[in-house]
Amino acid sequence: LLSQMLVTMTDRGPDSAGIAIYGASLPGKTRITVQSADPAADFAGLEAALHDALQHEIAVSVKDTHAVILLDATLAEEARATLASLRPGLRLMSSGETIEIYKETGLPRDVVSRFGIDAMGGTHGIGHTRMATESAVTTLGAHPFSTGADQCLVHNGSLSNHNNLRRAL
């Protein structure tokens, strides 16, 4: 349902699209979603490398330019540091017990298709399309943005007063 809603919004933003899906919680587990500009190199052997470094069971599920890493929740911070060391080109998209964020440049229908989003399920989700008006069209500029464990943000328009908002909050 959310996939088709995102595709319907193509006229509002054809430059990039993204979706955050909140799935079922797995007790004691966390998910880290990462993105790579070179998935063939970055994801090859990633599961084994993380297993060796952390000495725990790790599951890596690759979806095009993104990978979801499922691991013991107590290892989340250590895993993020290890990822930065093992694969410095990876970009963190999201982390938490339930959230997975998938986003890329391109038309919403292409983003939905490349990640198989229409076949995913969850308790809820949020998607966004973007027409870049003040910055470059990049994966990192695509919405949603991870704002913390199991949290994300999308916004409509330019957020130019972010420093004032940060001070107020």
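Conventions we followed
Residues numbered from 1 in each chain as written. Predicted model: local features only at pLDDT ≥ 70, side-chain atom pairs only at ≥ 80, totals over all residues. Heavy atoms only, no water. Helix = DSSP H or I, 4+ residues; strand = E, 2+ residues; numbered from the N terminus. Rg over C-alpha atoms; globule rule 2.2 N^0.38 Å. Buried < 20%, exposed > 50% of the residue type's maximum accessible area, 1.4 Å probe, protein only. Contact = heavy atoms within 4.5 Å. Areas by Shrake-Rupley, 256 points an atom, 1.4 Å probe, with all protein chains shown as cover. Lys, Arg positive; Asp, Glu negative; His and termini not counted. Charge placed at Lys NZ, Arg CZ, Asp CG, Glu CD. Axes fitted to C-alpha atoms, helices over the stretch in contact; angles between N-to-C directions. Parallel < 35°, antiparallel > 145°, perpendicular 65-115°, else oblique. Left-handed = near helix turned anticlockwise from the far one by under 90°. Nonpolar A, V, L, I, M, F, W, Y, C, P; charged D, E, K, R; others polar. Phe/Tyr/Trp six-rings, centres within 6.5 Å; stacked < 30°, edge-to-face > 60°.

Time to look at the overall build of the protein. Scanning the protein from terminus to terminus reveals six helices and nine strands. The C-alpha atoms of the protein give 16 Å as radius of gyration, which agrees with the globular expectation for 169 residues (15 Å, within 12%). Oriented by its inertia axes, the alpha-carbon framework of the protein measures out at about 45 × 40 × 30 Å. Here the protein, with 169 residues, has 38% of them falling under the buried criterion. The long-range share in the protein, meaning contacts at least 24 apart out of those at least 6 apart in sequence, stands at 77%. Accessible area of the protein: about 8900 Å², with a carbon and sulfur share of 53%. Distance between charge centroids for the protein: 7 Å, based on 13 positive and 18 negative side chains.

His143 connects to Pro144 through a cis peptide bond whose omega is -5°. Turning to its location among the elements, Pro144 is positioned in the loop between strand S7 (124-130) and strand S8 (145-148). For Asp64, which is not a glycine, the phi torsion comes out positive at approximately 60°. Structurally, Asp64 is set in the loop between strand S3 (59-63) and strand S4 (66-72). In this structure Asp64 comes out as partly exposed when scored by relative accessible area, which is 35%. One non-glycine residue with positive phi stands out, namely Asp150, at about 60°. Within the secondary structure, Asp150 sits in the loop between S8 and strand S9 (151-153). Given the relative accessible area of 24%, Asp150 is considered partly exposed.

Right, let's get into the packing of helix H3 (residues 46-54) against helix H4 (residues 76-86). Put simply, H3 and H4 touch, their axes get as near as 11 Å, and they point 125° apart. In this view, H3 runs oblique relative to H4, as classed from their interaxial angle. In terms of crossing hand, the pair formed by H3 and H4 is right-handed. Contacts between H3 and H4 involve Leu46, Ala49, Leu50, Ala53 and Leu54 from the first element and Glu78, Ala79, Thr82, Leu83 and Leu86 from the second. Residue composition of the contact of H3 with H4, grouped by class: eight nonpolar, one polar and one charged.

Across all of its chains, the model carries one aromatic pair by this definition. Relative to Phe115, the ring of Tyr102 has its centre 5.3 Å away and its plane inclined at 40°; by these criteria the two rings are tilted. In this pair, Tyr102 sits in strand S6 (residues 99-105) while Phe115 sits in helix H5 (residues 108-115), placing the two residues 13 residues apart along the sequence. Like Phe115, Tyr102 is buried.

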